[in-house]
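Remarks on the overall topology
In case you want the letters, here they are:
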Amino acid sequence: TAKAGYNRGTFYEYFTDVYHLLDEIENALIPTVDELPAYSTSTEDRLGVPLDSFLQLYEHHNKYYSVLLGAKGDPAFSAKLKNQIKASLTEHFKENIQDAQEFDYTLEYVLSAMVGIMSYWFSKEQEISKERLMSLIRNLSEQGIRAILPL
């Protein structure tokens, strides 16, 4: 409270403790369904997920996401973030889902990879271009590790 320039009493008028404050910050950083980018059902966009839009969302909150999703961050935040996006994707694709359980596992895999690679990219101070990162994610998603390994 001293660093922020507030009295401790003022802090406790709004928050019960620092964990309450952390929870409020995390909730503010998790996009609502309306804030999430639109998804595609077009056969031309094989992923159906607008990677550029997700990267822009990540870039917008980079300062916070880098900490919360980093090695010393809050593991619960990653779960909250993925669950919000899962709910949105499930709602969007609900008519095309044949096996809900398999779809849930698939989303967990894809979202974990996306959050992981974007966190890693920011931790490496964006040492490769955004375009190269997007290309890598697309290729890995569509072709797996064979996209980068000569077999």
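Before any of the text, the structure's been laid out above.
The rules behind these values
Residues numbered from 1 in each chain as written. Predicted model: local features only at pLDDT ≥ 70, side-chain atom pairs only at ≥ 80, totals over all residues. Heavy atoms only, no water. Axes fitted to C-alpha atoms, helices over the stretch in contact; angles between N-to-C directions. Helix = DSSP H or I, 4+ residues; strand = E, 2+ residues; numbered from the N terminus. Parallel < 35°, antiparallel > 145°, perpendicular 65-115°, else oblique. Left-handed = near helix turned anticlockwise from the far one by under 90°. Contact = heavy atoms within 4.5 Å. Nonpolar A, V, L, I, M, F, W, Y, C, P; charged D, E, K, R; others polar. 1 Å grid on protein atoms, 1.4 Å probe; cavity = no way out; pocket = protein on both sides within 12 Å on 5 of 7 lines; lining within 4 Å. Points joined across faces, edges and corners; volume = space filled by probe spheres on them.

1. Brief notes about the packing of helix H5 (residues 75–93) against helix H6 (residues 100–123)
In a packed pair of helices, the relevant descriptors are the angle between the two axes and the axis-to-axis distance. Taken N-terminus to C-terminus, the directions of H5 and H6 make an angle of 130 degrees; their axes are 10 Å apart at the nearest point. In terms of orientation, H5 and H6 fall into the oblique class. Here the hand of the crossing between H5 and H6 comes out right-handed. Residues Ser78, Leu81, Lys82, Ile85, Lys86, Leu89, Thr90 and Phe93 of H5 form the contact with H6, whose participating residues are Phe103, Asp104, Leu107, Glu108, Leu111, Ser112 and Val115. Taken together, the residues that form the contact of H5 with H6 break down as eight nonpolar, three polar and four charged.

2. Observations concerning the packing of helix H3 (residues 51–60) against helix H7 (residues 130–143)
Look at H3 against H7: their axes get within 11 Å of each other, and the N-to-C directions meet at 125 degrees. The angle between H3 and H7 falls in the class oblique. H7 is crossed by H3, and the crossing has right-handed handedness. The segment H3 lies against H7, with Leu51, Asp52, Leu55 and Glu59 engaging Lys130, Leu133, Met134, Ile137 and Arg138. Taken together, the residues that form the contact of H3 with H7 break down as five nonpolar, no polar and four charged.

3. Some remarks on the layout of surface pockets
Rolled over the atoms, a probe with the dimensions of a water molecule shows which regions are left empty. Each pocket or cavity is described by its volume, and for the second largest pocket that value is around 290 Å³. Every residue along the wall of the second largest pocket is listed here: Thr1, Ala4, Tyr6, Arg8, Thr10, Phe11, Tyr12, Tyr14, Phe15, Asp17, Val18 and Leu21. At the level of elements, helix H1 (8–14) and helix H2 (18–29) are the ones that each hand at least two residues to the lining of the second largest pocket. Take the lining of the second largest pocket: its biggest share by element is five residues, from H1. Residues of the lining of the second largest pocket, tallied by class, amount to eight nonpolar, two polar and two charged.

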